[in-house]
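Architecture at a glance
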Amino acid sequence: MANVRIKDIKQGMVLASPARDPNGRLLLSVGEEITDKLICTFKAWGITEVEIEGNGDDERVTEDPFSEVRAEQVPLQVREEVDELFRYTDRQHPAIKELVELCTLRKMKSH
Amino acid sequence: MHFEKDEVSLGDPSDRAPSIEDLIEGSVQLGSLPTIFHQINEVVENPESSFAEIGLIISKDTALTARLLKIVNSSFFGFSSKVETITHAVTIVGMVQLRDLALATAIINKFKGIPNDAVNMRSFWQHSIATGLAGRVIGVYLKEANPERFYILGLLHDLGRLLLYLAVPEDMSRVLIQYSHGGLLHEAENDVLGWDHAEAGGRLLRKWDLPDRLVEGVLYHHNPSRAPRYQVEAAVTHVADILAQSLELGNSGERYVPPLDNEAWKILGLSSKFLSTVLEQVERQASEAVKVFL
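Residues numbered from 1 in each chain as written. Chains lettered and ligands numbered in written order. Predicted model: local features only at pLDDT ≥ 70, side-chain atom pairs only at ≥ 80, totals over all residues.

This paragraph deals with the overall build of chain A. Within chain A, the regular secondary structure consists of four helices and four strands. For chain A, the succession of helices and strands along the chain, N to C, is β-β-β-α-β-α-α-α. Residues classed as buried in chain A amount to 22% of the 111 residues present. For chain A, the proportion of contacts with a sequence separation of at least 24, taken over those separated by at least 6, is 64%. (Helix = DSSP H or I, 4+ residues; strand = E, 2+ residues; numbered from the N terminus. Buried ≥ 20, exposed ≤ 12 C-beta atoms within 10 Å, placed from the backbone. Contact = placed C-beta atoms within 7 Å.)

Right under this line is the structure:
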């Protein structure tokens, strides 16, 4: 069983625990198979994570967003912009680390 | 709309900075919220009130009614069928939430008409809305009751800065000069004025008789672990501000992502993995939220 973010779930995965909306209302029960339509529904209901059967070793699931790009692939301009934006933060903190990675990816896409 | 700048002490050069009391008391036009908001609040606070009653009060203000219906029908809520009356809106959104949305629109409207060169109003509210959206997503995730209050907190968190730009532009210029030497903008405010926008905003909300929850959330958004009673409000707003700043959606004057208060992060107990979901949702909702709120 693995917690999987909505953006990482794929059609064909199977729910390992019931999916509930933020108010606790049951949307989908255990054993249901994920479809693209369901993914849209989850997003609309503000569900951010679901539990999926299996141990999550599917590489699509455990994928670290930053592993999509390697540090040396980051254009200098993007790196400088991100460094400047985050210059007063503690880059060792896991939350900041994640944010720096997300912002880097985001800037690379828009470049 | 204008401000009473004369009240700012100009005597001793070493004492040129306005006191925070001057700022809050001097802004006559900002002294109170529209009466309709207090009327709505009264109905909401009264356990005997019916949905029809709150509908009746809001419906008297056609501009507010139109705006609220626009918000309720936007992707901000994502209802599948069209909501055409305030009474219907109350039944599906809830009284407290609707009051909070009325508060949000009242405050934005209050500042909207102020002419200015010092601040890009649209960009300012974009940052505030993005912060509100992030706070709301975090609130929903934390299963907090009425996550709409985090949206309001995001909208209001930098209100004190708007006050600085508009009411004491000369002093704000000195702050900006200090800021250009490095550091964060709220630190420069503290260096030059002896207080910062968070304090000014919190005091203004207190003057408006808004609940302590909101006052503390704004007052402590840069140091949430110091909030005496409402640490969750302050911590959510703190993290939401950092996320909005990372996304560079709009700008309220600060160029950098503020440092994260680790105590606040621990209070919320969020996983850093969750952040990408928040950013995604904020990005998805931001442009429409700007359209319906501004």
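This paragraph deals with the overall build of chain B. Scanning chain B from terminus to terminus reveals 16 helices and zero strands. The C-alpha atoms of chain B give 19 Å as radius of gyration, which agrees with the globular expectation for 294 residues (19 Å, within 12%). By principal-axis analysis of the C-alpha atoms, chain B measures approximately 60 × 45 × 35 Å. Going through the 294 residues of chain B one by one, you find that 48% of them count as buried. (Rg over C-alpha atoms; globule rule 2.2 N^0.38 Å.)

Residue and element names in this part refer to chain B. Once the domains are mapped, chain B shows domain 1 (30–113) and domain 2 (116–294). A C-alpha centroid distance of 23 Å is found between domain 1 and domain 2. Contacts between the two partners involve 19 residues from domain 1, matched on the other side by 17 residues from domain 2. Of all the elements in the fold, those that place two or more residues in the side of domain 1 that touches domain 2 are helix 4 (62–72) and helix 6 (95–112). Looking at the side of domain 1 that touches domain 2 element by element, the count peaks at ten residues for helix 6. Looking at the side of domain 1 that touches domain 2 residue by residue, the class counts come to eleven nonpolar, six polar and two charged. (Domains from an automatic or database assignment. Nonpolar A, V, L, I, M, F, W, Y, C, P; charged D, E, K, R; others polar.)

Quick look at helix 14 (residues 231–247) of chain B now. Residues and elements named next belong to chain B. With 17 residues, helix 14 ought to run about 24 Å at 1.5 Å a step, and its terminal C-alpha atoms sit 24 Å apart, in line with that. With respect to burial, helix 14 is a largely interior element, 17 of its 17 residues being buried. Looking one or two places after helix 14, you find glutamate 248, whose phi comes out positive at around 55°. (Expected span 1.5 Å × (residues − 1).)

Another aspect to go through is the packing of helix 4 of chain B against helix 6 of chain B. All names here are of chain B. Between helix 4 and helix 6, the least distance of the axes is 10 Å, while the angle of their chain directions is 115°. As for the relative orientation of helix 4 and helix 6, their crossing is right-handed in sense. Between helix 4, through Leu64, Arg67, Leu68 and Ile71, and helix 6, the contact on the second element is made entirely by Leu98, Leu101, Ala102 and Thr105. In the contact of helix 4 with helix 6, the residues fall into six nonpolar, one polar and one charged. (Axes fitted to C-alpha atoms, helices over the stretch in contact; angles between N-to-C directions. Left-handed = near helix turned anticlockwise from the far one by under 90°.)

Core analysis: the largest hydrophobic core is formed by 95 residues, its most contacted members being B:Leu68, B:Ala134, B:Leu243 and B:Val282. Not counting the four nearest positions on each side in its chain, B:Ala134 is found in contact with B:Gly154, B:Ala240, B:Leu243, B:Ala244, B:Val278 and B:Val282. (Core = buried A, V, L, I, M, F, W, Y, C linked by C-beta atoms within 7 Å.)

This part is about the environment of B:Phe274. Of note, B:Phe274 is situated in helix 16 (residues 274–293). Using a count of 19 C-beta atoms within 10 Å as the deciding quantity, one classes B:Phe274 as partly exposed. Here the alpha-carbon distance between B:Phe274 and B:Arg229, two residues 45 residues apart in the chain, equals 26 Å. Apart from residues lying up to four places away in sequence, B:Phe274 is in contact with A:Thr48 and B:Tyr141.

Another point: the interface of chain A and chain B. Facing 22 residues of chain A, the contacting portion of chain B comprises 21 residues. Looking at which element gives the most residues to the side of chain A that touches chain B, the answer is helix 4 (residues 94–110) of chain A, with seven residues. A breakdown of the residues in the side of chain A that touches chain B according to their chemical character gives 13 nonpolar, four polar and five charged.

Moving on: the confidence of the model for chain B. All names here are of chain B. Of the residues in chain B, 93% have a pLDDT of 70 or more, and the chain-wide mean is 88. Here helix 1 (residues 20–26) is the element of chain B with the lowest mean pLDDT, 83, and helix 14 is the one with the highest, 97. Ignoring residues within four places in sequence, the model shows residues 1–14, a span with pLDDT below 50, making 17 contacts including any to other chains. (pLDDT = per-residue confidence, 0-100.)

Residue and element names in this part refer to chain B. Positioned with a positive phi, lysine 143 is a non-glycine residue whose angle comes to about 60°. Looking at the element boundaries, lysine 143 is found in the loop between helix 7 (121–141) and helix 8 (148–156). In this structure lysine 143 comes out as exposed when scored by C-beta crowding, with 11 C-beta atoms within 10 Å. For aspartate 209, which is not glycine, the phi torsion reads 60° and is therefore positive.

Summarising the element assignment, B:Glu48 is placed in the loop between helix 2 (35–45) and helix 3 (51–59). A tally of 6 C-beta atoms within 10 Å means that B:Glu48 is categorised as exposed.

Let us now look at the packing of helix 2 of chain B against helix 3 of chain B. All names here are of chain B. Between helix 2 and helix 3, the shortest axis-to-axis distance is 10 Å and the interhelical angle comes to 180°. Considering their axes alone, helix 2 and helix 3 lie roughly antiparallel with respect to each other. Residue-level inspection shows Gln39, Ile40, Val43 and Val44 of helix 2 in contact with helix 3, the latter providing Glu53, Ile54, Ile57 and Ile58. (Parallel < 35°, antiparallel > 145°, perpendicular 65-115°, else oblique.)

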